[in-house]
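Working through the structure, step by step
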Amino acid sequence: MLTMKDIIRDGHPTLREKAKEVELPISEEDRNTLKEMREFLINSQDEETANKYGLRSGVGLAAPQINISKRMIAVYLPDDGEGRSYDLMLVNPKIASHSIQEAYLPTGEGCLSVDENIPGLVHRKNRITVKAKDIDGNDVQMRLKGYPAIILQHEIDHLNGVMFYDYIDNDNPLKPHQDAVEV
Ligand SMILES: [Zn+2]
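Described in the following lines is the structure provided in the data block. (Residues numbered from 1 in each chain as written. Predicted model: local features only at pLDDT ≥ 70, side-chain atom pairs only at ≥ 80, totals over all residues. Heavy atoms only, no water.)

This part covers the packing of aromatic side chains. Going through the model one piece at a time under the given rule, you end up with 1 aromatic pair. Taken together, a centroid distance of 5.7 Å and an interplanar angle of 80 degrees make the contact between Phe164 and Tyr165 edge-to-face. A relative accessible area of 2% means that Phe164 is categorised as buried. (Phe/Tyr/Trp six-rings, centres within 6.5 Å; stacked < 30°, edge-to-face > 60°. Buried < 20%, exposed > 50% of the residue type's maximum accessible area, 1.4 Å probe, protein only.)

Shown next, in the form of structure tokens:
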């Protein structure tokens, strides 16, 4: 099982690389990687397991964070606050379209690869349409809004070498953009 020692931290060059497309059909090795990433998230959200192995709780993980520079992400969000749950393992995800309207989390964002808390608002798109392959290689398309949309954008950014704090306005870190919605 993956633990925190498998997760590379800020400053590691892999986190700043553009990850490679996953070759299709998806290999057994890549499928296993994705399953391990999902399992990590589930373990990290289970208090007993998280305490036992010293896991920081997370809702999303991208393969570059475990030093595999391939376009794969896992998201595990049992409750988005609006009664929906997300259990995703995606290959070669792309944001096909997005709203003009922005959204942000009032407490800012965190990342399993960043140990310290970095205060500041991270503005993202409030609504996105994501196209990807699932772990079996089937085409999937989903429309997301608010918190799950923010998570997907954070994880897809990892595939492009982008970190959440890149978006923080150092002059006005806590000032929301006009018309941006608080999530
Ligand atoms: Zn992250």
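The next point concerns the pattern of salt bridges. Counted under the stated rule, the structure contains 12 salt bridges. As a salt-bridge pair, Glu28 and Arg31 come within 3.7 Å of each other at their nearest N and O atoms. One end of the pair, Glu28, and the other, Arg31, are both in helix α1 (residues 28-45), 3 residues apart, so they sit about a helical turn from each other. Taking the relative accessible area as the measure of exposure, Arg31 reaches 19% and is therefore buried. With its nearest N and O atoms 2.8 Å apart, the salt bridge here joins Asp139 to Lys133. (Salt bridge = Lys/Arg side-chain N within 4 Å of Asp/Glu carboxyl O. Helix = DSSP H or I, 4+ residues; strand = E, 2+ residues; numbered from the N terminus.)

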